[in-house]
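Residues per chain are reported as follows:
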There are 2 protein chains.
Amino acid sequence: MGPRNPTISDVAERAGVSVPTVSRVLTGAARVSPQKRELVEAAIAELNFRPSSAARALVSRKSRTIAVIAGNTSRYGYAETIRGVEIAARAEGYTVMIIVVESADEDEVDRAVSVVLTQTLAGVVVLKFDPPGVAALKQIPAALPVVALSGTRETGVRQAVLDEAAAAEELTDYLLGLGHRTVHHVRVPPSRRVDGRTTGWKRALTTAGAPVPPVHDATWDPKSGIAIGRDLAADPSVTAVFCGNDEIAMGVMRGISEAGLRVPQDISVAGFDDHPLAELWSPPLTTVEQDFSGLGGRGFQLLLEGVDGTGDRRYSSERPRLILRDSTAPPSPVRG
Amino acid sequence: MGPRNPTISDVAERAGVSVPTVSRVLTGAARVSPQKRELVEAAIAELNFRPSSAARALVSRKSRTIAVIAGNTSRYGYAETIRGVEIAARAEGYTVMIIVVESADEDEVDRAVSVVLTQTLAGVVVLKFDPPGVAALKQIPAALPVVALSGTRETGVRQAVLDEAAAAEELTDYLLGLGHRTVHHVRVPPSRRVDGRTTGWKRALTTAGAPVPPVHDATWDPKSGIAIGRDLAADPSVTAVFCGNDEIAMGVMRGISEAGLRVPQDISVAGFDDHPLAELWSPPLTTVEQDFSGLGGRGFQLLLEGVDGTGDRRYSSERPRLILRDSTAPPSPVRG
DNA sequence: GTGAAAGCGCTAACAA
DNA sequence: TTGTTAGCGCTTTCAC
């Protein structure tokens, strides 16, 4: 096994003080004389002592660890959001635990919530982007500080939001303003019956008195956009398409070009998220910039305020920004 | 505050047994009579009791939490590797803590190692893809079970590897076999002085007796490939380019097309990683499939074997697979 | 198979 | 300002 880690009593002994005095130096909970403080600090450095967070959590019922509950960790929006949470947490001396909930199944959600209950946590950030996130959020005990992160304000919990509906509406308006009779929509898997992107799209069409065509459903796999793109290209009334994210838009564009049509000359295609590759795509993608890492950061701040009672905000919203590039243009005179 | 969480003594009282008996049911450490077991299980369910992992960690000096130390969490290879670790860990009932080390600065690495020492961990997985990862790995105390994940076998620690050098060599050989006189290389930020991709590329050229042109250095930002692509296009002797990852390859291809040349007719471009969008790109990218999530999973398994003494493997390697698509072709007769 | 007793490493409450 | 005492919630001896 080797020599065990030094404990607080090793430090106390070496510094010639009592254990609580070492604790006071560690936590800053009470004043300690400069002389003793120095002795303690020297002992800590010599022994390379690190306080056990398990012991601390046990006795103080507090911890500097938060959990992020997410349905996924590696897709762009998720990964960036988690990164934003982690950066903000790290800046405040907090550590992040990842809890993945792959489905909204009761067993799966229970398991995740069990982990949360087992751990001593300062709080929980839930990525409410999908059904697993929504289901997990519901099961978190009310006693635990929680912040939900999502694209639409929905529940009573503290939450940070990217106002997707407003951005989707703006993007759809822009396409209509270009002269398109209507805008078709390819939806990514929604978190509930509706999602903000679809809502904003529909609102823009309705407001403008434009027809609302049936929604096309894609999976998270960008390739699922290819067949949809081909279908869209086969319908001569289609001149503009708004896709639920950039990756699907890329798939759709590939399908359109496989069908022999060009973007944007024959069909305009817009995405959502401003994926790092959106600008590099040919043609560069018109899209909506979502500050996911900012969302994560705001979410963590909101959580902290909830934990220490600072601030009374329960809600933080931000409007994603339209990014106009070359994948959208006025409609072709021959189509439509 | 509300009512505090139920403890093991609440369960014991309710079930009419002693605390250690509840503990035995929880851990399975010793046999308990069926009757008592049933009583205990009923009490646990009624109270919705979850054992405190802090208390467990404190007394048993064990835990079911591992830490993943990484220089980044959201770039494709990192995110997928972490996802692989998490999936494998979850399957075995382990929870994952994320520790990000943004630079190899002493302070930054110290902070990360401090977190590791503070926590009671079953073990640590280090993503040794970059200098922060390399630096962090060095500082981890020997007493803690550790597995390193990387693209090149290097140190004495337990490690899971994707043999990048072998794959890069195979890819370069393929390009030479197509008739290219040599292959140029755009390198992504390496983990040390050398990285496997560059090593394999150089080995293939040397073995074939082909000239070894100077390496072009890109950043992690795909856009950094654009200027490099333009430069490469300006040099008429360039007919084939091997890029350190797919995103850089996409940037390079954009630079080449901005210079008025075509891929693969004028210049062949190959990437590395098989990014989800590589297949959708125009033209679809020739690349090397890296099973990052598999790497993460193998890494976790190796760690577990180290923790419980099962298995004596200290090393797990896998050869990434060449994916031939349309961005590579024989050299143009007019260039080169 | 079961319970009583001890104690993990730390912080909180109280006295001095 | 400092030390003494108690105890967080659990597992681990050790008797029985």
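Everything numeric here is computed off the predicted structure, so don't read it as measured data. (Residues numbered from 1 in each chain as written. Chains lettered and ligands numbered in written order. Predicted model: local features only at pLDDT ≥ 70, side-chain atom pairs only at ≥ 80, totals over all residues. Heavy atoms only, no water.)

**Student:** How should I be thinking about the nonpolar core in this particular structure?
**Tutor:** Within soluble globular proteins, side chains that are nonpolar generally end up buried alongside one another. By size, the foremost hydrophobic cluster in this structure holds 54 residues, and its most contacted members are A:Ile66, A:Leu127, B:Ile66 and B:Leu127. When neighbours within four sequence positions are excluded, B:Ile66 is seen to be in contact with B:Val85, B:Ala89, B:Tyr94, B:Thr95, B:Val96, B:Met97, B:Leu121, B:Ala122, B:Gly123, B:Val125, B:Phe300 and B:Leu303. Within the second largest apolar cluster, 50 residues are counted, among which are A:Met250, A:Trp281, B:Ala218 and B:Ile267. (Core = buried A, V, L, I, M, F, W, Y, C linked by side-chain atoms within 4.5 Å. Buried < 20%, exposed > 50% of the residue type's maximum accessible area, 1.4 Å probe, protein only. Contact = heavy atoms within 4.5 Å.)

**Student:** Just checking my understanding: could you explain the UniProt feature "domain: HTH lacI-type" (unreviewed entry) in chain A for this structure?
**Tutor:** Per the UniProt record, "domain: HTH lacI-type" (unreviewed entry) is annotated on residues 6-60 of chain A. Secondary structure over residues 6-60 of chain A splits into 71% helix and 0% strand, and the C-alpha atoms at its two ends are 20 Å apart. (UniProt positions renumbered as here; feature names shortened; annotations may be inferred. Helix = DSSP H or I, 4+ residues; strand = E, 2+ residues; numbered from the N terminus.)

**Student:** Which parts of the structure should I look at to understand the domain arrangement of chain A?
**Tutor:** By a frequent convention, interface size equals the accessible area lost on bringing the separate parts together. The domain architecture assigned to chain A consists of domain 1 (8-52), domain 2 (63-162 + 292-320) and domain 3 (164-290). In this structure, domain 1 of chain A and domain 2 of chain A have C-alpha centres spaced 35 Å apart. (Domains from an automatic or database assignment.)

**Student:** Help me understand a negative patch on the surface, please; the structure alone is not making it clear to me.
**Tutor:** Judged by side-chain charge, A:Asp105, A:Glu106, A:Asp107 and A:Asp110 come together as a negatively charged surface patch. By secondary structure assignment, the location of A:Asp105 is in the loop between β2 (95-100) and α6 (106-118). (Patch = residues over 30% accessible without salt bridge, like charges linked within 9 Å, V, L, I, M, F, W, Y side chains within 5 Å. Areas by Shrake-Rupley, 256 points an atom, 1.4 Å probe, with all protein chains shown as cover. Salt bridge = Lys/Arg side-chain N within 4 Å of Asp/Glu carboxyl O. Lys, Arg positive; Asp, Glu negative; His and termini not counted. Charge placed at Lys NZ, Arg CZ, Asp CG, Glu CD.)

**Student:** I'm lost on the protein's contact with DNA strand D in this one. Help?
**Tutor:** What surrounds DNA strand D is a group of 27 residues, the closest being A:Arg24, A:Ser33, B:Ile8, B:Ser23 and B:Arg56. Between DNA strand D and the protein, one listed contact pairs a base oxygen with a side-chain N or O atom of A:Arg24 at 2.5 Å. One nitrogen or oxygen atom from the side chain of B:Ser23 is found 2.7 Å from a phosphate oxygen belonging to DNA strand D. Breaking the surface near DNA strand D down by element, the ones donating at least two residues are α2 (19-27) and α4 (53-60) of chain A together with α2 (19-27) and α4 (53-60) of chain B. The element best represented in the surface near DNA strand D is α2(B), accounting for five residues. Looking at the surface near DNA strand D, its residues break down into twelve nonpolar, eight polar and seven charged. (Near = heavy atom within 4 Å. Polar contact = N/O pair within 3.5 Å; in protein donor to acceptor, adjacent residues only side chain to side chain. Nonpolar A, V, L, I, M, F, W, Y, C, P; charged D, E, K, R; others polar.)

**Student:** When you look at the protein's contact with DNA strand C in this model, what are you seeing that I'm missing?
**Tutor:** Contacts to DNA strand C come from 27 residues, most closely from A:Ile8, A:Ser23, A:Arg56, B:Arg24 and B:Ser33. Counted by atom, the contact set of DNA strand C within 4 Å of the protein is 69% sugar and phosphate. B:Thr21 has a polar side-chain atom sitting 2.7 Å from a phosphate oxygen of DNA strand C. When residues of the surface near DNA strand C are assigned to their parent elements, the largest contribution, five residues, is made by α2(A).

**Student:** Help me out: how do you make sense of helix α5 (residues 76-91) of chain B in this one?
**Tutor:** Because the α-helix completes a turn every 3.6 residues, residues three or four places apart line up on one side. Residues and elements named next belong to chain B. Compared with the 22 Å implied by 1.5 Å per residue over 16 residues, the 23 Å span of α5 between its first and last C-alpha is a close match. Most of α5 is tucked away, with 13 of its 16 residues classed as buried. Downstream of α5 by a residue or two, Gly93 has a phi angle that is positive, lying close to 80 degrees. (Expected span 1.5 Å × (residues − 1).)

**Student:** When you look at the interface of chain B and chain A in this model, what are you seeing that I'm missing?
**Tutor:** Tallying the contact residues gives 46 residues for chain B and 46 residues for chain A. Carbon and sulfur atoms make up 58% of the surface buried where chain B meets chain A, a total of about 4,200 Å² over both sides. Along the contact surface separating chain B from chain A lie six salt bridges. Scanning the region where chain B abuts chain A turns up 20 residue pairs in polar contact (both at pLDDT 80 or more). (Buried area = accessible area lost by both parts, 1.4 Å probe.)

**Student:** What's the story with the packing of aromatic side chains in this structure? I'm lost.
**Tutor:** The geometry of an aromatic ring pair comes down to the distance between the two centres and the angle between the two planes. Taken as a whole, this structure holds 13 aromatic pairs over all chains when the rule is applied. Measuring from centroid to centroid gives 6.4 Å for A:Phe129 and A:Phe292, while their planes differ by 65 degrees, and the two rings are edge-to-face. Of this pair, A:Phe129 sits in the loop between β3 (123-127) and α7 (131-139) while A:Phe292 sits in helix α12 (residues 292-308), placing them 163 residues apart in sequence. Neither residue differs from the other here; A:Phe129 and A:Phe292 are each classed as buried. Between B:Tyr78 and B:Trp220, the aromatic rings sit 6.4 Å apart at their centres with planes inclined by 80 degrees, giving edge-to-face as the arrangement. Residue B:Tyr78 is located in helix α5, and its partner B:Trp220 is located in the loop between β7 (216-217) and α10 (224-234); the two are separated by 142 residues in the primary sequence. For B:Trp220, a relative accessible area of 29% corresponds to the partly exposed category. Taken together, the aromatic side chains of A:Tyr76, A:Tyr78, A:Phe129, A:Trp220 and A:Phe292 make up a single cluster linked through ring pairs. Here A:Arg75 stacks its cationic end above the ring of A:Trp220, 4.0 Å away from the centre of that ring. (Phe/Tyr/Trp six-rings, centres within 6.5 Å; stacked < 30°, edge-to-face > 60°. Lys NZ or Arg CZ within 6 Å of the ring centre and 35° of its normal.)

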